[in-house]
Amino acid sequence: MVKESIFHRLYDLYHQDVFQFLIYMVKNRSVAEDLSHEVYVRVLKSYERFEGKSSEKTWLFAIAKNVAIDYFRKSAVRSSHAFDAFDWETDNLVSPIKSPDILTELNDEMRELLEALEKCTGDQKMVIIMRYFQELSIAETATILNWTEGKVKTTQHRAINKLREILVNTSEAKEANH
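Residues numbered from 1 in each chain as written. Predicted model: local features only at pLDDT ≥ 70, side-chain atom pairs only at ≥ 80, totals over all residues. Heavy atoms only, no water.

Here we come to the nonpolar core. Taken as a class, soluble globular proteins show a tendency for nonpolar side chains to be buried jointly. Of all hydrophobic cores here, the largest spans 51 residues; its most connected members are Phe21, Val39 and Val43. Counting residues per element, the ones that place at least two in this core are α1 (2-26), α2 (29-46), α3 (56-80), α4 (108-117), α5 (122-133), α6 (138-145) and α7 (149-177). When residues in this core are grouped by element, the largest group, twelve residues, is from α1. (Core = buried A, V, L, I, M, F, W, Y, C linked by side-chain atoms within 4.5 Å. Buried < 20%, exposed > 50% of the residue type's maximum accessible area, 1.4 Å probe, protein only. Helix = DSSP H or I, 4+ residues; strand = E, 2+ residues; numbered from the N terminus.)

Gaps left between atoms show up when a probe the size of a water molecule is rolled over them. Considering only enclosed or pocket space, the largest pocket measures out at about 260 Å³ in volume. Forming the boundary of the largest pocket are Ser46, Arg49, Phe50, Glu51, Gly52, Lys53, Ser54, Thr58, Trp59, Ala62, Ile63 and Thr143. Here the element with the most residues in the lining of the largest pocket is α3; it accounts for four residues. Split into classes, the residues belonging to the lining of the largest pocket amount to four nonpolar, five polar and three charged. (1 Å grid on protein atoms, 1.4 Å probe; cavity = no way out; pocket = protein on both sides within 12 Å on 5 of 7 lines; lining within 4 Å. Points joined across faces, edges and corners; volume = space filled by probe spheres on them. Nonpolar A, V, L, I, M, F, W, Y, C, P; charged D, E, K, R; others polar.)

Next up, the structure:
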């Protein structure tokens, strides 16, 4: 019973944030719902191993990050039919769904930003989503990713520069076509 009440509390507090994080990662509502469900299955299975070294929120996001990485890893294996090593930090986490349903609900700038994020490495995408979409602190992001705060700052800096470059090139290309 205690486990159930803890689960319900965690679900009530964070399910919207976890779901939103997963939607930004996979860009598909039904996949995000499935992955969100998987996050809470893992929470139920592993709560007794939660040691309280981090906040429950960062622990939950660490699980969500792992669920998302597993999803991309499986998609990469399925699409390439090869069991190449998938490295989420350096490989792009490109959603296999080409016209994501959530993009239609967003404004043009947000849509462009999410499309530009697809061209970043997995670690850059993850840091931008955690820091700017989920508004997690550098310390929380470092805990979730199991990195140093310095690595988060460096990755964030590189990601912002890359996004700026991609978005500038995109807008220049649009202007050239008009």
